[in-house]
Each structure stands twice: as structure tokens, then as C-alpha cells.
Amino acid sequence: AQTVTQSQPEMSVQEAETVTLSCTYDTSENNYYLFWYKQPPSRQMILVIRQEAYKQQNATENRFSVNFQKAAKSFSLKISDSQLGDTAMYFCAFMKFQGAQKLVFGQGTRLTINP
Amino acid sequence: DVKVTQSSRYLVKRTGEKVFLECVQDMDHENMFWYRQDPGLGLRLIYFSYDVKMKEKGDIPEGYSVSREKKERFSLILESASTNQTSMYLCASSPQTGGLETQYFGPGTRLLVL
């Protein structure tokens, strides 16, 4: 079975700073997908960024980028120039490449951006 | 835009009651999911469905059942609610086109069982 671990329950940074959220996972699969989801306070969960394990190049989406280390089974999220609107719960998630499209989530990291 | 709606944002029920949580999506997605979200545990999959009348157990199906009679609607049923089912319940949907497709989430139902 796959497991996803987020070891930082809470983080807090000042606006405009860069912050990195950690995620590690355990799997015996060779091909899979990894995701970061964001859940703002009292709002719906939305996708931030996704990575295919067979791609070596790290995914980027504007101010959001990942550091994907396949051998280390690590998938961290970097938020550059953080904004107040980045305040949210962030979840790392794993999905197998084939079979049922089920997500396995980590415990979440509550990120607060301070003005 | 994909829209996933859930019938209630907040629900208060008594122990032993039968509880229905409804989820509707408007994008003709084949896959639908029910998760529960608890602090420190993240989201855990209860049940999912990849077609009408099809269902599969997730990681924590005990105490729950589901129904999918129409493609757009996926219901979660608590046959006899218990206090340990107090939680946030999230519904999600996704197309059957491949794993990289994101799941689209509803706003959640916060259930309190007294």
C-alpha cells in the first residue's frame, strides 16, 4: 500500500517570502502521479500542481514549483513570493499510474502567510 | 467550469439516525469519490464509483454505504450514525481519461453526530 507523509503540521511565513512544504511517500510502483492540492479556509479544494513520475523535469505553475526526487521518494512544494491568498491547508497526494484513479493523501500542512 | 455540489454544508444528527449525503457533478464525469477529512489524518477514501451502479470500497468503508443510480449523483449513506463519524465529508469527481486528470472537489459537508 502507498503512504504519503507530510511532516510539517503547520508553517508560517511573512508575505513575499519563499516557503517550502515537504512531502515524502512510500511506494513500490515505478510509474505514478503526484499532486499538491490547496484547501483555503472555508473554500473548496483545488489542484495546485501535478507531476508525472516518469518525467525528470520538475513541474512549475507560476509561483509554485516542485522538487521531485524519485530515488528519495520526496516531492516538496516551493511557493515563491508568497501572498496572503496562499494561506490554506496544503495536501500532498499520490496516484498510481494504472488502475483505479484513487488519490492517497498526506496529513496536510496548514500554511499561514502573515502580512 | 466543473461544478461539484454537496447537499448540505453543515449537518447535525443524532446517534443511530440514518444519514444521507448527496453529491452532484455537472461535467459528465465517470469517476466519483467520497472522502472524510479529519485533523492530522488528511483525507481518507471511503468509497468510489467509476460508473453508474458501480462502487468500490476505499480505505475506510466500515459504517458507510453508497449509491449511484445516475451518472451525475453519488450518495453516501451512514446507516446508523455514530459519534466517531463526526467529520468533514468531501465529494470529488474526475473524468475517466487518465490518472493525470485532477479530481474536482465539492465544498464539503461538516457532519456532527450527537
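Below is a summary of the structure that appears in this document. For clarity, every value in this text was computed on a predicted model and none was experimentally measured.

**Details of the overall build of chain A**
Then, number 1: Per the secondary structure count, chain A includes 0 helices and 12 strands.
Then, number 2: Each helix (α) and strand (β) of chain A, taken in turn from the N terminus, gives the series β-β-β-β-β-β-β-β-β-β-β-β.
Then, number 3: Taking 2.2 N^0.38 as the reference for a compact globule, 115 residues should give roughly 13 Å; the C-alpha atoms of chain A span a radius of gyration of 14 Å, in line with that estimate.
Then, number 4: Along the three orthogonal principal directions, the C-alpha set of chain A runs to about 45 × 30 × 20 Å.
Then, number 5: Burial analysis of chain A (115 residues in total) assigns 48% to the buried set.

**Looking at the overall build of chain B**
Then, number 1: Helices and strands together make up the secondary structure of chain B, namely 0 helices and 11 strands.
Then, number 2: The order of α-helices and β-strands along chain B, N terminus first, is β-β-β-β-β-β-β-β-β-β-β.
Then, number 3: Since a compact globule built from 114 residues should have a radius of gyration of about 13 Å, the 13 Å found for chain B is in line with a globular shape.
Then, number 4: Principal-axis analysis of the C-alpha atoms gives chain B an extent of 40 × 30 × 25 Å.
Then, number 5: Classification of the 114 residues of chain B by burial places 49% in the buried group.
Then, number 6: Of all intrachain contacts in chain B linking residues separated by at least 6 positions in sequence, the fraction that spans at least 24 positions is 56%.
Then, number 7: On chain B, roughly 5500 Å² of surface is accessible, and the fraction owed to carbon and sulfur atoms is 50%.

**A look at the nonpolar core**
Residue and element names in this part refer to chain A.
Then, number 1: Within the largest apolar cluster, 26 residues are counted, with the highest numbers of intra-cluster contacts made by L21, Y25, W36, F75, L77, Y90 and L111.
Then, number 2: Every element with two or more residues in this core is listed here: β2 (10-14), β3 (19-21), β5 (32-39), β6 (46-52), β8 (64-69), β9 (74-79), β10 (88-96) and β12 (109-114).
Then, number 3: Those residues in contact with F75 that sit more than four places away from it in its chain are C23, Y25, L34, F35, W36, Q51, V66, N67, F68 and C92.

**Some points on the pattern of salt bridges**
Residue and element names in this part refer to chain B.
Then, number 1: By the definition in use, this model includes 10 salt bridges over all chains.
Then, number 2: Between K71 and D28 there is a salt bridge whose closest N-O contact spans 3.1 Å. Within this pair, whereas K71 is found in the loop between β7 (64-70) and β8 (73-78), its partner D28 is found in the loop between β3 (19-25) and β4 (31-38), the two being separated by 43 residues in sequence.
Then, number 3: Take D28: its relative accessible area is 52%, and that puts it in the exposed class.
Then, number 4: In this structure, K71 and E30 form a salt bridge, with 3.8 Å as the shortest nitrogen-oxygen distance. Of the two residues, K71 is situated in the loop between β7 and β8 and E30 in the loop between β3 and β4; the sequence distance between them amounts to 41 residues.
Then, number 5: Looking at E30, the relative accessible area reads 25%, which means it is partly exposed.
Then, number 6: Several salt bridges converge on common partners, so that one network encompasses D28, E30 and K71.

**Topic: the environment of L111(B)**
Residue and element names in this part refer to chain B.
Then, number 1: Relative to the assigned elements, L111 resides in strand β11 (residues 109-113).
Then, number 2: You can call L111 buried: its relative accessible area is 2%.
Then, number 3: The sequence separation of L111 and M88 amounts to 23 residues, and the corresponding C-alpha distance is 6.1 Å.
Then, number 4: Setting aside residues no more than four positions away along its own chain, L111 makes contact with L11, K13, V19, L78, Q85, T86, S87 and Y89.

**A few points about the interface of chain B and chain A**
Then, number 1: On the chain A side, the residues contacting the 26 residues of chain B number 19 residues.
Then, number 2: Counting each side, the surface lost to burial between chain B and chain A is near 1800 Å², with a carbon and sulfur contribution of 55%.
Then, number 3: Across the contact surface, chain B and chain A share 0 salt bridges.
Then, number 4: Applying the counting criterion to the chain B and chain A interface returns 6 residue pairs in polar contact (both at pLDDT 80 or more).

**What about the sheet that holds β8(B)?**
Residue and element names in this part refer to chain B.
Then, number 1: Taken in spatial order, the 4 strands of this open sheet run β1-β3-β8-β7, and their pairing is antiparallel. The open sheet has two edge strands, β1 (4-6) and β7, and neither has a second partner. Within the sheet, the average angular offset between the axes of one strand and its neighbour, ignoring direction, is 20°.
Then, number 2: With 6 bridges joining them, β3 and β8 adopt antiparallel strand pairing. Paired with V24 across the bridge in β8 is R73.

Rules behind the numbers
- Residues numbered from 1 in each chain as written.
- Chains lettered and ligands numbered in written order.
- Predicted model: local features only at pLDDT ≥ 70, side-chain atom pairs only at ≥ 80, totals over all residues.
- Heavy atoms only, no water.
- Helix = DSSP H or I, 4+ residues; strand = E, 2+ residues; numbered from the N terminus.
- Rg over C-alpha atoms; globule rule 2.2 N^0.38 Å.
- Buried < 20%, exposed > 50% of the residue type's maximum accessible area, 1.4 Å probe, protein only.
- Contact = heavy atoms within 4.5 Å.
- Areas by Shrake-Rupley, 256 points an atom, 1.4 Å probe, with all protein chains shown as cover.
- Core = buried A, V, L, I, M, F, W, Y, C linked by side-chain atoms within 4.5 Å.
- Salt bridge = Lys/Arg side-chain N within 4 Å of Asp/Glu carboxyl O.
- Buried area = accessible area lost by both parts, 1.4 Å probe.
- Polar contact = N/O pair within 3.5 Å; in protein donor to acceptor, adjacent residues only side chain to side chain.
- Pairing = 2+ DSSP bridges.
- Axes fitted to C-alpha atoms, helices over the stretch in contact; angles between N-to-C directions.

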